[in-house]
Amino acid sequence: MNTLDTSRWSRRDFLGAVAAVSAGAALPSSLRAADAKPARKPNVLFIMSDDMRAELGCYNSFFHAQTPNLDALAKSGVRFDRNYCQFPLCNPSRASLLTGRNPTRTSVLGNRTDFRVAHPGWTTLPQLFKDNGYVTVRSGKIYHGGIDDAKSWSATSDQDGPTDDGSGPAIGHTMVIPHAQIPMPDGVLPPLPADNARSAYSDRIVVLDGNGEGHGDYHTADRTIENLRKYKDQPFFIACGFVKPHSPPTAPQRFFDLYDPDKIQLTPDFAAWPTVPPGFPSAAIRKRNADLFIGRGASEAEARQVIRAYLASISWVDWNVGRVLAELDRLGLRESTIIVYVCDHGYQLGEKGKWSKAGSLFENGTRVPLLISAPGMDGNGTSCTRIVESLDIYPTLVELCGLPKQTEIEGASLAPLLKTPAASWDKPAFSIWSEDGKSIHGTAVRTEQWRYAEYGQDGLNGAMLFDPHADPLEMKNLANEEKYKPVIAELSSLTRQYAATLG
C-alpha cells in the first residue's frame, strides 16, 4: 500500500489550508485514528456531465429532473446554487476549468483549439495531482472530444466500443415524433439541407435498449468502477466524464417513463423559432439553433417531448453516477475521498426559441451544477448561494489536498465556503462568447444582485441587465431604463476590463 509516514501527517495534508479557516476543524474519525489506520493523501473522484444546466432535483429547478443519487451527494456535501461556467461551449469551458485560467488567457474560444499548442508548459489540474504522487486516470469525456491531454493522466481506461456518435452499431432506436410545419418568421436563418449530417445526428431522440449497456456512458461508469477497484490502495484522482444529456437526448425507456410529457409546462418565453424579444439585443439569440430544432420550428407538443427526453437523459446520468458512488461506498473509500460533480455549461430548452448552449449568456446558458463532498467540512449537508465559478475548482482541490500552491492560476479556493457556506464572499462570475473562435463577441458578469451582458466592442451591439431575484426567467431587459444607468456603468466597466485580458 502506498501510504505516507503518519508522523508527517497534518491537517493540511487532507484539507489543505482549511486549518487557517478554523483551527478547530476535525478530521473524520477514520482518518483521525492514525495509530489504527495510517493516514494517506485524500483521493479525488471528479465527475462531469455535458450540456447539463442546473436541472437536478436538489436545485428545485423549473422542469425538476428526478436525480436521487445526485441529490444524495448534494446532502453529503455542499451544493453551490450559483456556480457559473466561463464559456457556454464544451472545449473552451473545459480548458478553462482544467487549466485554472480564464478563456481570455487560454485563448481557447472554439471547439477545435487545443490549449497545449499555445501553452505547452502549463500544468493542468490532473497533471498537478500526477506530479505529486497521485495516480490520475480518466474514463469518458473530461477534455473536449478529440482533444485529450496525455500529460494529465497516468493512464486512460477508455477502450474502443459502442458510442452514440453514429459510428458504432445500433444501440437503441430513434423515437419517431411527427414534425409540425411551423411557419418560419423573418430574420431566422433558412433550414439546413435535409441530409445535413449534424442535423440528422443531433436533432432527434434516442431510446436505448435495456439499461443502456451498449452506450458509451454505461461503459464510462463501468470503467470508473474498475478504476476504483484497481487504484483503491493508493492516492488517486479518478475522472469520470459522461456525455449526456448532450444531444441527441438519450436514455433507456424506463427513464422516459418517469416523465409525462402532457404535464411538462413550457416557460412563459417559449417560442417556436429563435426569437429576440422586444428591447433585447439582436445578438442575444443566435438565428439558428445548433443542437435541437435545427432549421425547423418547435410545436408545443414536440417541445414537451424533447424536454422529456432531456430530463430522462439527466436521470440516466444520475443512475450511472449512482452506480459509481455505490462502488466507492462498497470499497470503504467515501471518508477518504473528495467528490466533485460539475458540468461544462448550461442549456436553453426553448426559452426564447433557443435549443442549445452556444452563444447563451443567459442564466440557463452559463449556470451549472456544482456539488463538492469533502469529508470533515462543517458546511456539509447545506447549500451555498454565493456567486462562484467553475474556475474555482482547481484552486479548491489544490488547497483541500495540500498540493503546492499554483500562483499562476486564477479563480479562488472555495474552502472557506465549504466550511461556512454563508461566509463573506464578494467575487463576480464572468462568461464570454465568441462567434469566430478568435475574438470576443459577448461578455457577461453575474453578481449577487445582477446579471449583465453586453455585445460587441464596448457594448456597441447592445446590452442586457436582469434582476434575477425579481425576474428569474429573464423576461425584462432593464438595460434601457434610465434609473439603472449607474448600475450599468459599473457592470459595463467590469466586463470591459475582463474582455481586455484576452491574450
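Every value quoted in this text rests on a predicted model; they were computed, and no experiment measured them. (Residues numbered from 1 in each chain as written. Predicted model: local features only at pLDDT ≥ 70, side-chain atom pairs only at ≥ 80, totals over all residues. Heavy atoms only, no water.)

**Looking at the overall build of the protein chain**
When helices and strands are tallied, the protein chain shows 16 helices and 15 strands. Among the 503 residues that make up the protein chain, the fraction classed as buried is 60%. Considering only contacts within the protein chain whose residues lie at least 6 apart along the sequence, 74% involve residues at least 24 apart. In the form shown here, the protein chain has an accessible surface area of approximately 19200 Å², with 51% of it arising from carbon and sulfur atoms. (Helix = DSSP H or I, 4+ residues; strand = E, 2+ residues; numbered from the N terminus. Buried < 20%, exposed > 50% of the residue type's maximum accessible area, 1.4 Å probe, protein only. Contact = heavy atoms within 4.5 Å. Areas by Shrake-Rupley, 256 points an atom, 1.4 Å probe, with all protein chains shown as cover.)

**A closer look at the pairing of strand E7 (residues 236-241)**
For E7, a buried count of 6 out of 6 residues is recorded, marking the element as mostly surrounded by other parts of the structure. The alternating pattern of E7 places Phe236, Ile238 and Cys240 and Phe237, Ala239 and Gly241 on opposite faces, both of which are buried. Direction of pairing for strand E1 (residues 43-49) relative to E7: parallel, over a ladder of 5 bridges. Within E7, the position partnered with Leu45 by the bridge is Ile238. Two strands pair when backbone bridges link them, and strand E3 (residues 135-140) and E7 are joined in this way by 6 bridges, in the parallel orientation. By the bridge assignment, Ser139 is partnered in E7 with Cys240. (Pairing = 2+ DSSP bridges.)

**A few points about the packing of helix H10 (residues 216-231) against helix H12 (residues 300-330)**
In contact at an axis separation of 10 Å, H10 and H12 are set at 10° when each is read in the N-to-C sense. On the basis of their axis angle, the class for H10 and H12 is roughly parallel. Between H10 and H12, the contacting residues are Asp217, Tyr218, Ala221, Asp222, Thr224, Ile225, Leu228 and Arg229 on the first element and Trp316, Val317, Trp319, Asn320, Arg323, Val324, Glu327, Leu328 and Arg330 on the second. Tallied by class, the residues present in the contact of H10 with H12 amount to 9 nonpolar, 2 polar and 6 charged. (Axes fitted to C-alpha atoms, helices over the stretch in contact; angles between N-to-C directions. Parallel < 35°, antiparallel > 145°, perpendicular 65-115°, else oblique. Nonpolar A, V, L, I, M, F, W, Y, C, P; charged D, E, K, R; others polar.)

**Things to note about the pattern of salt bridges**
This structure, assessed with the given rule, holds 33 salt bridges. Across the salt bridge formed by Asp81 and Arg79, the nearest N and O atoms sit 2.5 Å from each other. Between Asp269 and Lys352 there is a salt bridge; the shortest N-O distance is 2.7 Å. Of this pair, Asp269 sits in the loop between helix H11 (253-256) and H12 while Lys352 sits in the loop between strand E9 (337-343) and helix H13 (363-366), placing them 83 residues apart in sequence. For Lys352, a relative accessible area of 4% corresponds to the buried category. (Salt bridge = Lys/Arg side-chain N within 4 Å of Asp/Glu carboxyl O.)

**What about the layout of surface pockets?**
Approximately 490 Å³ is the volume found for the second largest pocket. Considered class by class, the residues forming the lining of the second largest pocket number 7 nonpolar, 6 polar and 12 charged. (1 Å grid on protein atoms, 1.4 Å probe; cavity = no way out; pocket = protein on both sides within 12 Å on 5 of 7 lines; lining within 4 Å. Points joined across faces, edges and corners; volume = space filled by probe spheres on them.)

**Structural notes on the packing of aromatic side chains**
Counted under the stated rule, the structure contains 15 aromatic pairs. Considering the side-chain rings of Tyr143 and Trp153, the 6.3 Å spacing of their centres and the 80° angle between planes classify their relative orientation as edge-to-face. Taken together, the positions of Tyr143 in the loop between E3 and strand E4 (155-156) and Trp153 in the loop between E3 and E4 put the pair 10 residues apart, joining distant regions of the chain. On the basis of relative accessible area, Tyr143 is assigned to the buried category, the value being 5%. (Phe/Tyr/Trp six-rings, centres within 6.5 Å; stacked < 30°, edge-to-face > 60°.)

**Describing the sheet that holds E7**
Reading across from one edge, E4-E3-E7-E1-E9-E10-E2-E11 is the order of the 8 strands in this open sheet, with mixed pairing throughout. Two strands in the sheet have a free side with no partner beyond their single neighbour: E4 and strand E11 (382-389). Against the sheet, H10 engages E1, E3, E4 and E7, with an angle of about 170° to E7.

**Describing the pairing of strand E12 (residues 429-433)**
Most of E12 sits inside the fold, with 5 of its 5 residues counted as buried. Residue alternation in E12 divides its side chains into two sets, Ala429, Ser431 and Trp433 and Phe430 and Ile432, and both sets are buried. Note: E12 against strand E13 (residues 442-446), 5 bridges, orientation antiparallel. For Ser431, the partnering residue across the bridge sits in E13 and is Ala444.

**Overview of the confidence of the model for the protein chain**
For the protein chain, the average pLDDT comes to 89, and 88% of its residues sit at 70 or higher. Predicted confidence is poor over residues 1-36, with pLDDT under 50, and the contacts of this stretch with residues over four places away or in other chains come to 71 contacts. (pLDDT = per-residue confidence, 0-100.)

**Thoughts on the side chain of Glu363**
You can see Glu363 is positioned in helix H13. Judged by its relative accessible area of 12%, Glu363 is buried. For Glu363, the residues in contact, after removing those within four places along its chain, are Tyr84, Arg446, Arg451 and Glu474.

**Thoughts on the packing of helix H4 (residues 68-76) against H12**
Helix packing for two helices is described by the angle between their axes and how far apart those axes are. Following both chains from N to C, one finds H4 and H12 inclined at 55°, their axes separated by 7 Å at the closest point. Judged by the inter-axis angle, H4 sits oblique to H12. On H12, the residues that touch Pro68, Asn69, Leu70 and Leu73 of H4 are Asp318, Trp319, Val321, Gly322 and Leu325.

**Some details on the sheet that holds strand E6 (residues 206-208)**
Strand pairs in the sheet, formed through backbone hydrogen bonds, run parallel or antiparallel to each other. With mixed pairing, the 3 strands of this open sheet are ordered in space as E5-E6-E8. Every other strand in the sheet has two partners, leaving strand E5 (172-174) and strand E8 (250-252) as the edge strands with one partner each. Mean inter-strand twist for the sheet, computed between neighbouring axes without regard to direction, equals 25°. Its contacts with the sheet place H12 against E6 and E8, and it is angled at close to 65° to E8.

**Some points on H4**
Buried within H4 are the following residues: Leu70, Asp71, Leu73 and Ala74. Around the axis of H4, the buried residues are gathered within 160° of arc, so they sit on the same side. For H4, exposure combined with an orientation more than 90 degrees from the buried face picks out Pro68 and Lys75. Summarising the contacts, the buried residues of H4 are in contact with strand E2 (78-84), H12, E9 and strand E10 (370-373). (Arc of directions from axis to C-beta.)

**Description of H12**
With 31 residues, H12 should cover 45 Å at 1.5 Å per step; its first-to-last C-alpha distance of 45 Å lies within 8% of that length. For H12, a buried count of 24 out of 31 residues is recorded, marking the element as mostly surrounded by other parts of the structure. A positive backbone phi angle near 70° is found at Gly332, which sits one or two residues after H12. (Expected span 1.5 Å × (residues − 1).)

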